[in-house]
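# Inside the fold
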Amino acid sequence: MTSWVTETFGGLAPKIDDKRLADGLATLATNVDFDEARLSPLNDIAFEADLSSTTTQSLYKYNNDWLVSGNLRSYVGSMLPNDTDDKLYFSDYPSYPKMQSGLATYRLGLPKPVSITSAINTVGGADETLQETWIYEVAYVDAFGFEGPSSDPTTPLIIGDGGSVDITLPGAPTGNYNMGSGAVVRIYRSNAGTSASAFQYVTELPVATLTYTDSLPSAELQEVNSTYNNYPAPDENSDFGALRGLIELPGGILAGFTNNTVHLSKAYQPHAWPYDFASQHKILGIKAVQGGVFVATDERPYMLIGSSPENMNIEPLLSDQACLSEESIVDMGGFAIYASPDGLCSIQAGQVTVLTKELVDPESWNAQFNPTQIKAFNYEGKYVAFTGNGQGFSFDLSEGKNALTLHSGKQILAAHRVADEDKLYVIYKDTDISNELLGRWNEGTALALTWQTKVKQQRKPVAFSFLKIYGDKGRVTITVVGDDKVWLKANVPTDQLIRIPSQGKARHWQVKLETGVSVDMVGLFTAIGEVL
């Protein structure tokens with residue numbers, strides 16, 4: 001007597017021949033969940049709201065409202081201690097990067113003031129031993145208190161004791177800046193004779209002020225200007241182009257990228273971006289990982305390494321695993337996963353590993369998993385990927401042979417994980433022509449799963465006469481195949497003995513389950529006495 005009982009259910013390994021798969025591995029595994037150590041269905045999306053937009057690429061929850069955009073956005077929440085303005089920062093490619101406070105949105109950073117002029121008002125005393133060389137520069141400070149870069153220095157002026165200088169100021173900048181109540185222009189002065197000397201604070205005036213007369217004695221100048229290089233984040237008019245892929249690094253630093261360059265802000269100064277690090281290849285994305293910043297390119301990976309922005313270096317890693325999709329790069333908490341031509345790769349502690357190497361060969365990976373179109377997210381420690389047309393897959397490093405499964409259903413356009421709710425929200429479509437909808441991933445009713453065994457090769461032909469499916473109360477569509485011939489396809493109840501019509505004997509057997517209930521075990525038996 002012979003029986004075949006399957007009570008461990010695993011994921012896919014397309015690289016391995018169907019007959020050589022380990023017991024429990026699957027040849028089909030769609031909309032399945034193994035979290036409870038049984039074969040369970042993934043849940044559908046739980047509807048949340050109907051949206052009017054039709055081209056969403058980005059989604060974020062801010063102050064209990066949903067921000068949706070057709071641009072490719074990356075968000076960083078408030079990073080400043082005691083931030084009463086609840087500021088939100090985001091790249092908004094291909095538009096300029098922004099910061100938002102409440103309903104108001106502004107450019108991320110302040111412009112360099114246009115050149116200012118200064119002219120001697122009174123020369124002062126004629127004693128040459130008391131003469132000084134005065135040079136000026138100014139900078140904008142917005143209503144948040146963020147200070148931008150300094151203007152070009154003025155022409156040096158020789159001033160005697162008691163002299164004064166008339167300064168023509170640039171006025172408020174044009175553009176989307178927070179120049180409301182509290183915005184000022186700061187005046188700095190150097191009296192050491194060259195524009196390379198330190199500039200010290202003279203005064204600050206309402207930003208719309210156009211003129212000022214300076215007669216402050218040099219002994220009364222205040223702090224040195226340390227914000228002269230507070231350049232704004234790269235925008236659509238910069239030499240680099242608009243910033244994209246905004247992330248937060250430890251120590252209050254923001255990072256983003258353009259073309260082949262990584263850009264960093266000063267620590268806890270999200271408006272100030274003086275640091276640039278160029279790679280040799282086009283950058284597709286960046287993520288904070290253990291040991292630095294992972295830089296994914298279209299040729300090879302890099303790491304940005306260092307303890308602070310001013311002393312960081314960008315270095316190539318010993319790997320040739322290029323990145324195929326910007327939206328495939330996911331922060332998994334201390335490490336990142338991304339799609340390469342050879343499969344899913346992880347970057348951890350400066351080491352690149354092809355995670356799917358033992359499960360999927362490169363040819364199958366590129367043909368079946370559509371890696372160039374991946375939009376992926378971290379959902380409860382799983383790498384959840386959507387590949388278009390309602391298709392996708394999940395990869396779970398903690399599940400061993402259960403790591404790789406497929407999901408099929410609605411078309412996913414964007415997603416956002418709300419950490420304090422532990423939920424993944426998605427923008428999806430029911431059909432190609434439907435409105436975009438907001439929903440919660442894996443929180444609706446049970447989907448219909450499909451799971452199919454390996455091809456079980458018996459030592460000699462057998463005739464299985466009975467089957468039984470053990471699980472939650474419900475029905476299962478089961479297909480039993482012997483030597484490539486369907487012996488049984490029927491919708492049967494769980495926990496009941498089912499007779500398989502006799503068709504002789506077969507050596508190679510395979511079982512497919514389609515159901516919306518959880519299954520603990522399925523067994524094929526040659527005699528009723530074997531039934532568990």
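A short tour of the structure in this document, coming up. (Residues numbered from 1 in each chain as written. Predicted model: local features only at pLDDT ≥ 70, side-chain atom pairs only at ≥ 80, totals over all residues. Heavy atoms only, no water.)

## Some details on the overall build of the protein
Across its full length, the protein carries one helix and 45 strands. Computed over the C-alpha atoms, the radius of gyration of the protein is 32 Å, more than 25% above the 24 Å expected from 2.2 N^0.38 for a compact globule of 532 residues. Along the first, second and third principal axes, the C-alpha set of the protein runs to 120 × 45 × 35 Å. Here the protein holds 532 residues, and 54% of them are scored as buried. The positive charge centre, built from 39 side chains, and the negative charge centre, built from 62, are 17 Å apart in the protein. (Helix = DSSP H or I, 4+ residues; strand = E, 2+ residues; numbered from the N terminus. Rg over C-alpha atoms; globule rule 2.2 N^0.38 Å. Buried < 20%, exposed > 50% of the residue type's maximum accessible area, 1.4 Å probe, protein only. Lys, Arg positive; Asp, Glu negative; His and termini not counted. Charge placed at Lys NZ, Arg CZ, Asp CG, Glu CD.)

## A look at the pairing of strand β25 (residues 302–305)
Consecutive side chains along a regular strand alternate between the two faces of the sheet. Pairing analysis gives three bridges linking strand β24 (residues 292–297) to β25, with the strands arranged antiparallel. Paired with F294 across the bridge in β25 is M303. In sequence, β24 turns back onto β25 through a hairpin of four residues. One ladder, built from four bridges, connects β25 with strand β26 (residues 313–316); its direction is antiparallel. Looking at β26, one finds that L304 is bridged to I314. (Pairing = 2+ DSSP bridges.)

## Some remarks on the side chain of T30
With respect to the helices, strands and loops of the structure, T30 is situated in strand β2 (residues 26–30). Among the residues examined, T30 registers a relative accessible area of 18% and is labelled buried.

## Brief notes about the sheet that holds strand β17 (residues 200–206)
Pairing is antiparallel in the open sheet, where four strands are placed in the order β14-β13-β16-β17. A strand with exactly one partner marks an edge of an open sheet, and here the two such strands are β14 (157–159) and β17. Looking at each pair of strands side by side, their axes are set apart by 35° on average, direction ignored. Pairing analysis gives six bridges linking strand β16 (residues 184–190) to β17, with the strands arranged antiparallel. Bridged to V185 within β17 is L205. (Axes fitted to C-alpha atoms, helices over the stretch in contact; angles between N-to-C directions.)

## Details of the pattern of salt bridges
One pass over the full model with this rule turns up 23 salt bridges. The closest approach of N and O atoms between K454 and D23, which form a salt bridge, is 3.2 Å. Linking K454 in the loop between β38 (449–453) and β39 (456–462) with D23 in the loop between β1 (3–6) and β2, this pair joins segments that are 431 residues apart in sequence. You can call K454 buried: its relative accessible area is 11%. Exposure remark for D23: the relative accessible area of 47% places this residue in the partly exposed category. Where R186 meets E204, a salt bridge forms, and the shortest distance between an N and an O atom there is 2.8 Å. Taken together, the residues R186 in strand β16 and E204 in strand β17 connect sequence positions 18 residues apart. Salt bridges sharing common partners tie together E48, K423, R440 and E443. (Salt bridge = Lys/Arg side-chain N within 4 Å of Asp/Glu carboxyl O.)

## A closer look at the sheet that holds β1
Across the sheet, which stays open at both edges, the four strands sit in the order β1-β45-β40-β43 with antiparallel pairing between neighbours. Each edge of the open sheet carries a strand with a single partner, namely β1 and β43 (498–499). In terms of strand pairing, β1 meets strand β45 (residues 519–525) through four bridges, oriented antiparallel. Looking across to β45, one finds that W4 is bridged to L524.

## A closer look at the nonpolar core
Soluble globular proteins tend to bury their nonpolar side chains together. Formed by 51 residues in total, the largest nonpolar core has its most connected members in Y383, I478 and L513. Broken down by element, the residue count for this core peaks at four residues, all from strand β44 (residues 506–515). Beyond its immediate chain neighbours, meaning those up to four positions away, I478 contacts L467, I469, L488, K489, A490, V492, V511, K512, L513 and V522. Listed in part, the 17 residues of the second largest apolar core include I247, F277, Y302 and I314. (Core = buried A, V, L, I, M, F, W, Y, C linked by side-chain atoms within 4.5 Å. Contact = heavy atoms within 4.5 Å.)

Functional significance is not addressed by these values, which are geometric in nature.
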